[in-house]
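# Chain and residue survey
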Amino acid sequence: MNRLGLKRIGVVVVAVVLIAAAIVAPAQAAAPRYILVSGPGLQRPVLLGNWSENLAFLIGLLPAHRPTSGWRADRPRYDLALFWGVPAKPVPTDPRKASQHGWFYPAVNGRRTVVKLLISGQDFPRVATPAALRILARHGIPTRL
């Protein structure tokens, strides 16, 4: 193969890498790299460190409906510290340094489980779906009290 052919192959390879990077970057922004769950009842904070699982957790909230207008937040809850766009290392340990916060309210006294996120300054409460609850339970986070 001549030099011109090798140069064209190099240009194509670089173009493919740039296109792949452009596609992956927005996809990675679709979910936080880490979700750190903390609060009373947990011996120590629980780290959800699998990006795909964190995406599945958030996607699991999309089909969920808003809790009835009479739902109250006056019950035990866990802090959800979402870390968006952070490097893989160091792994976060301080929820105060999170990019976003939310709360997980386990089921208690007949009340449904609720996940409440703060999005653009607005509360976004959703009844937790079975898919979201399975992810939390897999990490030892109580979904019922």
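Residues numbered from 1 in each chain as written. Predicted model: local features only at pLDDT ≥ 70, side-chain atom pairs only at ≥ 80, totals over all residues. Heavy atoms only, no water.

### Thoughts on helix α3 (residues 130–138)
Along α3, the residues classified as buried are Ala132, Leu133, Ile135 and Leu136. Angularly, the buried residues of α3 cover 160° about the axis, an arc narrow enough to put them on a single face. Opposite the buried face of α3, at more than 90 degrees from it, the exposed residues are Pro130, Arg134 and Arg138. Along its buried surface, α3 packs onto β2 (46–48), α2 (51–59) and β4 (100–105). Where α3 terminates, the next one or two residues include Gly140, which has phi positive at roughly 80°. (Buried < 20%, exposed > 50% of the residue type's maximum accessible area, 1.4 Å probe, protein only. Helix = DSSP H or I, 4+ residues; strand = E, 2+ residues; numbered from the N terminus. Arc of directions from axis to C-beta. Contact = heavy atoms within 4.5 Å.)

### Side note on the pairing of strand β6 (residues 122–127)
Pairing of strand β5 (residues 114–119) with β6, which is carried by six bridges, proceeds in the antiparallel orientation. Bridge pairing in β6 places Leu117 opposite Phe124. Linking β5 back to β6 in an antiparallel pair, the connection comprises two residues, with Ser120 at a positive phi of about 50°. (Pairing = 2+ DSSP bridges.)

### Observations concerning the sheet that holds β2
Here six strands make up an open sheet; going across it, the order is β2-β1-β3-β4-β5-β6 and the pairing antiparallel. A strand with exactly one partner marks an edge of an open sheet, and here the two such strands are β2 and β6. On average, each strand axis in the sheet is inclined to that of its neighbour by 20°, with strand direction left out of account. Inspection of the sheet shows strand β1 (residues 34–38) paired to β2 by three bridges, in the antiparallel sense. Its bridge partner being in β2, Ile35 is matched across the sheet by Leu48. Against the sheet, α2 touches β1, β2, β3 (78–83) and β5, its axis set at about 70° to β1. (Axes fitted to C-alpha atoms, helices over the stretch in contact; angles between N-to-C directions.)

### Considering the confidence of the model for the protein chain
In this model, the protein chain carries a mean pLDDT of 81, and residues with pLDDT of at least 70 account for 79%. Segment residues 4–27: pLDDT under 50, and three contacts once partners within four positions in sequence are set aside and those in other chains are kept. (pLDDT = per-residue confidence, 0-100.)

### What about the pairing of β1?
Judged by how many residues are buried, β1 sits mostly within the fold: five of five residues are covered. Here β1 pairs with β3 via five bridges, running antiparallel. By the bridge assignment, Leu36 is partnered in β3 with Ala81.

### Some points on the pattern of salt bridges
Tallied over the full model, the rule gives five salt bridges. Across the pair Asp74 and Arg72 runs a salt bridge, and its minimum N-O distance is 3.1 Å. Classification of Asp74 by relative accessible area gives partly exposed; the value is 49%. The exposure class of Arg72 is partly exposed, given its relative accessible area of 47%. In this structure, Arg111 and Asp74 form a salt bridge, with 2.8 Å as the shortest nitrogen-oxygen distance. Placement of the pair is Arg111 in the loop between β4 and β5 and Asp74 in the loop between α2 and β3, with a sequence separation of 37 residues. (Salt bridge = Lys/Arg side-chain N within 4 Å of Asp/Glu carboxyl O.)

### Re the packing of aromatic side chains
According to the stated counting rule, one finds one aromatic pair in the structure shown. Measuring from centroid to centroid gives 6.3 Å for Tyr78 and Phe104, while their planes differ by 15°, and the two rings are stacked. Of this pair, Tyr78 sits in strand β3 while Phe104 is found in strand β4, placing the two residues 26 residues apart along the sequence. Comparing Tyr78 with Phe104, the two get one shared label, buried. (Phe/Tyr/Trp six-rings, centres within 6.5 Å; stacked < 30°, edge-to-face > 60°.)

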